[in-house]
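# Structural overview
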Amino acid sequence: MTSEATGWPLTDPPSVPALTPYDLRCEHRVEPLGIGTDRPRFSWRLASPVRGDRQDAFRLRLERDGVKVWDSGWRTDQRTYVDHGGAPLTSQTDYMWRLEVRDAAGKVCEASATFATGIFHPEEWQARWIEHDYETDPYFEPPVDRDEPRTVRQATIAAPRYYRRSFDLTKPIRRARVYATAHGLYQLQANGRRVGNDELTPGWTDYRYRLAYQTYDVTDLLQEGENVVAAVLGEGWWSGYVGWDTRSHAHHYGKKPQLLAQLVVDHTDGSQTVIATDSSWVERTGPLRFADLLMGESYDARLELGDWSSPGYDAAAWAPAGDVGADISTLIAASTEPVRVTEDLPALEVTRNGDHYIVDLGQNIAGRVRLRVRGAAAGDRIRLRHGEMLESDGSLYTANLRTADATDYYVSAGGEGEFFEPIFTVHGFRYVEIDGYPGELTTADVTGRALHSDTPVAGRFECSDAGVNQLLSNIRWGQRGNFVSVPTDCPQRDERLGWTADAQIFLPTAAYQADVLTFFENWMGDLAVAQTDEGAIPDVIPHVITGRHGTPAWADAATIVPWTLYRTYGDERVLKQAWPTMRRWVDYVRQANPDLIWRNRTSGHYGDWLQVGVRTDRDVLATAYFARSAEFTAAAARVLGLDDEAKRYGELRDRIAAAFVREFVDAEGKVRGDTQTGYLLPLAFGLLPEEHEQAAVKHLVADLEQRGRSLTTGFAGVALLCPILTKYGHSELAYELLHDDRYPSWGYSIRHGATTIWERWDGWTEESGFGPVAMNSFNHYSLGSVGEWLYGGVAGIDQAVDSVAFRQLVIRPRPGGRLTWAEGAYDTPTGRVSTRWEVNDGKFALEVVIPPGTTATVHVPTSDPESVQESKRPLAEQDGIEVLESADRALVCRVPSGSYSFTAAGV
Ligand code: BGC
């Protein structure tokens, strides 16, 4: 079993003597290079050991080369984000900001951070798009030596190419930056060294409208005299295979990979040297023979080019690059963390299976392998096939990959100490089948490298039950394996698309585990441009392949994602940008459904996707989501000060709720279809009047009981199950589902060795073995949306209904099930909140840390509220603790920021 503790750890806030700002962000990123706006937003977190501490005022000063650019003056507003309030910032410039924070006692603490702007003005781009000159050379490379292709399609893949440009610098260097992107995937080098550690750049966006460029600092890589800037260029999402599309070649955006890069060197004397891509660059093929995200890579070490990206290299035989124009109209500055290798996993076990070796990493990941090759002769070919599972005979299970080959080839140049690691492919795998390896393969020869968008880790959860911890680990790995530039459904088969329902359903869980604001903001940019003229949202974003749009629960990501981001991070800009999309989406549904029951314009209508043995009524699901979208649109309007719109969509939402009840709820409070999800949706979305609410809970519980406490929910219902049961006083039932290991349950997959969340409850069963191969991913995060409840319900870290950015915390741990303790930590926008509870001998203990500037309502579960103490003293003796309610089963109090230690008898 792999524990999440081994990788992707949550960094603790600094331990400080007084109120201290830390984690300073510009555009929500730490010291970003190349931001795309001249009016960035600033934010920071706070730490303090002092109870009741808060930021009384702050002052922000922005400087450029030591010269003041903007001074906010002392301000007392408590916004999470402070917009730059001075003159618009200058393009391609380094800034430093100094933050002063004054605490409640008047003491000031200072911190500072830097950032740099990107290229703001189109005329500053001198770079031109370059590519292999297909006029003078065959359009495509001949088929590469890859056997057993699943299809013949790969014959038309264009070989990766190597680009370089040598130049002289005659003056001392002050600063050097590269701004670069590609139609395809690129990896930069300068003077023989890799530039940065980003992977799969420029990432996937809707390239028709948005293409991110990256900014790198290369000051330390350059020298006076000869320099070389260079790149490897492959196809990626631009022209490689994407999804299941079986056209002769994917070519979703274009046919030819192209590179665009601009190196800007500032000299100490104030002059500049600009080296930009154009026909003075030269290019050729090299050892990387073939590279595709789905199919894999082929590398022939015999064709290595030596020090091809270093000065002094003879590139006389290289061909001039073709210049294909300078259209930069789609360029945007990269605004989110890139994909990176975030963890290396040593191989756990190597076994022989017939001619092959089977390597087990012990963990299903998205990424690739680094292979050490010892003692090979020149021309020896090693093949690596990747899979998530093994067949019962120990061979690799690949049926579920569909047409994704997920196969890499390495041809040795002979000699000792070779290493192979692909650069432009990603596989979803736990096992690697290796053949052709010379000699004995050992675990030390293979390392799994996990790749994903490097969203900062934001949360941690652990409890006394190993099964629940494994579930949490599976959920985290599901997130890591599927947040690869965009939120995808799965990392292994020929799909890996930004399915909208999967994303919106998992978002609340995702946000507890990582800071996903910029990751989803970027994705929302692709969602906005994909909205149809009529207002519909495609099923997958970036929009490719499916052709379907407007599906209930899928397209509603248009309202759910921005609203959830706003609630989580408190950033109004998200709503401002999403507002037109939200409104148009709701209008699109309303126009076609005058009686407010969403029956028309339902597109793919997948219902409660992958539910088990039941069929939740599709109109019920659709109409509930219609109400939800209207509600969030109204809420967004309210935040944006659009009062008329707020009223209009608020009323619409109420009318949809009324129509829902009229149409679907009978006199006994039964919702049409009588399924778990059928009750969960209206309960979670608040559609039922009080008299029906309790009845719905009763029917929901009755359904669970009647099935022997077994769930039937699919994608749409599963996230709501435990939270709703808990909300209505049935947390014991929620715990039973959590601990259940009979089919269908999370525990069932864990009992059968799952290290990630499976796409379907019946991915593998004792009775039938593997589930339907047409759709059987073992790394799909949707059913892992129960994670939200682990953080929010079990560890008890949540916010009040009308709170934003976790400013009004609700700390409500729920001891239950097999758990004797649980702990959670979460980085809210203002700082760290953490809880740890324990039940021992009928006594309950709760440690809580509340970040500066926030308050918390703490629920201490106890049958004896009188017994509750804090730091070993009765509550009445503790300053600042206000008892709100001393009820039957809990004592509820309000506390300001700080650390608390509660105890109670009779839990
Ligand atoms: C994807 C899902 C997606 C669904 C919609 C599947 O192929 O993997 O996660 O939401 O299609 O039907």
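Shown above is the structure to which this text applies.
Numbering of residues starts from 1 in each chain and follows the order in which that chain's sequence is written. Thresholds applied to this predicted model are a pLDDT of at least 70 for local features of residues and 80 or more for the giving and counting of side-chain atom pairs; totals over whole chains, interfaces and linings are not thresholded and use all residues. Water and hydrogen atoms were dropped before computing side-chain values, which therefore reflect all heavy atoms in the structure.

It is worth spelling out empty space enclosed by the protein at this point. Only protein atoms enter the 1 Å grid used here, on which a cavity is any set of points holding a 1.4 Å probe that cannot leave and a pocket is any open set flanked by protein within 12 Å on both sides along at least five of seven lines; residues with an atom within 4 Å of a point are listed as lining. Grid points are joined across faces, edges and corners, and a volume is the space filled by probe spheres set on the points. All told, the structure shown has seven cavities of 30 Å³ or more when counted by the stated rule. Computed from the structure, the largest cavity encloses a volume of approximately 150 Å³. Forming the boundary of the largest cavity are 15 residues, of which Trp-237, Val-426, Val-484, Thr-488 and Arg-496 lie nearest the centre. Any residue outside Ala, Val, Leu, Ile, Met, Phe, Trp, Tyr, Cys, Pro, Asp, Glu, Lys and Arg is labelled polar, Gly included; the first ten of those are nonpolar and the last four are charged. In terms of residue class, the lining of the largest cavity is built from 10 nonpolar, three polar and two charged. A run of H or I in DSSP counts as a helix once it spans at least four residues, and a run of E counts as a strand once it spans at least two, with each numbered from the N terminus. Contributing elements (two or more residues each) for the lining of the second largest cavity: strand S2 (41-47) and strand S42 (843-861). Split into classes, the residues belonging to the lining of the second largest cavity amount to four nonpolar, five polar and two charged.

What follows concerns the pairing of strand S19 (residues 296-300). Only protein chains enter the accessibility calculation, which uses a 1.4 Å probe; a residue whose area is less than 20% of its type maximum is buried, one above 50% is exposed, and one in between is partly exposed. For S19, a buried count of five out of five residues is recorded, marking the element as mostly surrounded by other parts of the structure. Burial of S19 is two-sided: the residues Gly-296, Ser-298 and Asp-300 facing one way and the residues Glu-297 and Tyr-299 facing the other way are all buried. In this sheet, S19 lies alongside strand S18 (residues 288-292) in antiparallel orientation, the contact comprising four bridges. Bridge pairing in S19 places Asp-292 opposite Gly-296. One requirement defines pairing of two strands: DSSP has to find at least two bridges between them. Here S18 hands over to S19 after three residues, the two strands then running antiparallel side by side.

Paired through backbone hydrogen bonds, the strands of a sheet run either parallel or antiparallel to each other. Read from one edge to the other, the open sheet built from six strands follows the order S12-S11-S14-S9-S17-S20, with strand pairing classed as antiparallel. The open sheet terminates on both sides in strands that have one partner only, identified here as strand S12 (193-194) and strand S20 (319-320).

The next thing to look at is unusual backbone geometry. For the bond running from Thr-201 to Pro-202, omega is 10 degrees, close enough to zero to count as cis. Put simply, Ile-541 and Pro-542 share a cis peptide bond, and its omega is -5 degrees. Here Leu-596, not a glycine, exhibits a phi torsion of approximately 70 degrees, which is positive. Its location among the elements puts Leu-596 in the loop between helix H6 (572-592) and helix H7 (618-639).

The criterion for a residue being near a molecule or strand is simple. One of its heavy atoms has to lie within 4 Å of it. The environment of the ligand is made up of Asp-489, Arg-493, Glu-495, Trp-499, Asp-502, Trp-554, Tyr-606, Trp-609, Phe-715, Glu-759 and His-780. Distance and chemistry together define a polar contact, namely a pair of N or O atoms within 3.5 Å, with one atom able to donate a hydrogen and the other to accept it when in protein, and with adjacent residues in sequence counting only for side-chain atoms on both sides. Within the contact set of the ligand, an oxygen atom lies 3.5 Å away from a side-chain nitrogen or oxygen of Glu-759. Only the protein chains shown count as cover for residues, and all accessible areas are computed by the Shrake-Rupley method using a 1.4 Å probe. Taken by itself the ligand offers 310 Å² of open surface, and the protein chains cover 95% of this. Its residues assigned to classes, the shell around the ligand shows five nonpolar, one polar and five charged.

Throughout this description, the term salt bridge denotes a Lys or Arg side-chain nitrogen within 4 Å of a carboxyl oxygen of Asp or Glu. Tallied over the entire structure, the rule returns 77 salt bridges. With a shortest N-O distance of 3.2 Å, Arg-75 and Asp-77 are connected by a salt bridge. Judged by its relative accessible area of 24%, Arg-75 is partly exposed. The partly exposed category is assigned to Asp-77, whose relative accessible area is 25%.

Once that is clear, we can look at the environment of His-386. Mapped onto the secondary structure, His-386 falls in strand S26 (residues 381-387). Once the C-alpha coordinates of His-386 and Arg-430 are considered, the two residues, 44 residues apart in sequence, prove to be 7.5 Å apart. Beyond its immediate stretch of four places on either side in the chain, His-386 contacts Val-369, Leu-396, Thr-398, Leu-401, Ala-406, Asp-408, His-427, Phe-429, Tyr-431 and Val-432. Among the polar contacts listed, one links the side chain of His-386 to the backbone oxygen of Ala-406, at a separation of 2.9 Å. In what follows, residue pairs with any heavy atoms lying within 4.5 Å of each other are defined as contacts.

Let's shift gears to the nonpolar core. The nonpolar core is taken to be a set of buried Ala, Val, Leu, Ile, Met, Phe, Trp, Tyr and Cys residues, with the residues joined through side-chain atoms within 4.5 Å. Formed by 218 residues in total, the largest nonpolar core has its most connected members in Leu-371, Ile-434, Phe-461, Phe-520, Trp-523, Trp-746 and Phe-902. By size, the runner-up hydrophobic cluster in this structure holds 26 residues, among which are Ile-130, Tyr-163, Leu-169 and Trp-281.

So, about the sheet that holds strand S6 (residues 94-103). Taking strand neighbours across the sheet as the criterion, the four strands line up as S4-S3-S6-S7 in an open arrangement whose pairing is antiparallel. Strands at the two margins of the open sheet, each flanked by one partner only, are strand S4 (67-71) and strand S7 (108-116). The sheet shows a mean angle of 25 degrees between the axes of neighbouring strands, taken without regard to direction. The pairing of strand S3 (residues 55-64) with S6 spans eight bridges and is classified as antiparallel. What sits directly across from Arg-59, in S6, is Glu-100. All axes here are fitted lines through C-alpha atoms, helices being fitted over the stretch that makes contact, and every angle between N-to-C directions spans 0 to 180 degrees.

Turning next to the packing of helix H5 (residues 557-569) against H7. Running from N to C, H5 and H7 point in directions that differ by 45 degrees, and their axes come no closer than 9 Å. Here H7 runs oblique to H5, going by the angle between their axes. The handedness of the crossing between H5 and H7 comes out as left-handed. Between H5, through Thr-559, Ile-560, Trp-563 and Tyr-566, and H7, the contact on the second element is made entirely by Tyr-625, Ser-629, Phe-632, Thr-633, Ala-635, Ala-636 and Val-639. Its residues assigned to classes, the contact of H5 with H7 comprises eight nonpolar, three polar and no charged. When describing relative orientation, an angle under 35 degrees is termed roughly parallel and one over 145 degrees roughly antiparallel, while 65 to 115 degrees is termed roughly perpendicular and anything else oblique. Each crossing gets its hand from how the near helix is turned against the far one by less than a right angle, where anticlockwise is left-handed and clockwise is right-handed.

The next point concerns the packing of aromatic side chains. Pairing of aromatic rings covers Phe, Tyr and Trp, the last through its six-membered ring, and needs centres within 6.5 Å; plane angles under 30 degrees mean stacked, over 60 mean edge-to-face, and all others mean tilted. Per the stated rule, a full pass over the model turns up 50 aromatic pairs. Ring centres of Tyr-207 and Trp-238 lie 5.8 Å apart, and the angle between their planes is 50 degrees; on these two criteria the pair is classed as tilted. With Tyr-207 in the loop between S12 and strand S13 (211-217) and Trp-238 in helix H1 (residues 236-239), this residue pair connects regions lying 31 residues apart in the sequence. An identical accessibility class is assigned to Tyr-207 and Trp-238; each is buried. Between the aromatic rings of Trp-308 and Trp-318, the centroid separation amounts to 6.2 Å while the plane-to-plane angle is 20 degrees, which identifies the pairing as stacked. Of this pair, Trp-308 sits in the loop between S19 and S20 while Trp-318 is found in the loop between S19 and S20, placing the two residues 10 residues apart along the sequence. By relative accessible area, Trp-308 is classed as buried at 8%.

Turning to the pairing of strand S39 (residues 808-811), a few remarks are in order. Both faces of the sheet carry side chains from a regular strand, because those side chains alternate between them. Relative to S39, strand S38 (residues 797-799) runs antiparallel, the two sharing three bridges. Looking across to S39, one finds that Gln-799 is bridged to Leu-809. One ladder, built from four bridges, connects S39 with S42; its direction is parallel. Bridge pairing in S42 links Ile-811 to Val-858.

It is worth spelling out the packing of helix H3 (residues 500-513) against H5 at this point. Axis angle and axis distance: for two packed helices, these are the angle between their axes and the distance between the axes, and together they describe the pair. Where H3 contacts H5, the two axes come as close as 9 Å, and the packing angle between them is 10 degrees. By the criterion of interaxial angle, the relationship of H3 to H5 is roughly parallel. Residues Thr-500, Gln-504, Leu-507, Pro-508 and Ala-511 of H3 touch H5, and the partners they reach there are Ala-557, Ile-560, Val-561, Thr-564, Leu-565, Thr-568 and Tyr-569. Of the residues in the contact of H3 with H5, the class split is eight nonpolar, four polar and no charged.

With respect to the helices, strands and loops of the structure, Ile-656 is situated in helix H8 (residues 643-664). Measuring from C-alpha to C-alpha, the distance between Ile-656 and Arg-61 comes to 49 Å, with 595 residues separating the pair along the chain. Every residue in contact with Ile-656, bar those within four places of it in the chain, is listed here: Leu-596, Thr-623, Phe-626, Ala-627 and Ala-630.

Another point: helix H2 (residues 466-482). Take the number of residues in a helix, subtract one, and multiply by 1.5 Å to get its expected span. The terminal C-alpha atoms of H2 lie 24 Å apart, and with 17 residues this matches the ideal 24 Å at 1.5 Å per residue to within 8%. The buried fraction of H2 is high, at 14 of 17 residues. You can read the cap of H2 off the contacts: a side-chain oxygen lies 3.1 Å from the backbone nitrogen of Gly-467, and it is on Asp-465.

A few words now on H7. Across its 22 residues, H7 extends 32 Å between first and last C-alpha, which sits within 8% of the 32 Å expected from 1.5 Å per residue. Burial within H7 is extensive, with 18 of its 22 residues counted as buried. In this structure Asp-617 caps H7, since a side-chain oxygen of it lies 2.9 Å from the backbone nitrogen of Asp-619.

On the secondary structure map, Gln-676 appears in helix H9 (residues 676-684). For Gln-676, a relative accessible area of 0% translates into the label buried. Aside from chain neighbours lying at most four places away, what touches Gln-676 is Leu-700, Asp-703, Leu-704, Arg-707, Ser-710, Leu-711, Thr-712, Thr-713 and Leu-721.

Bear in mind that shape data such as this cannot, by itself, settle questions of function.
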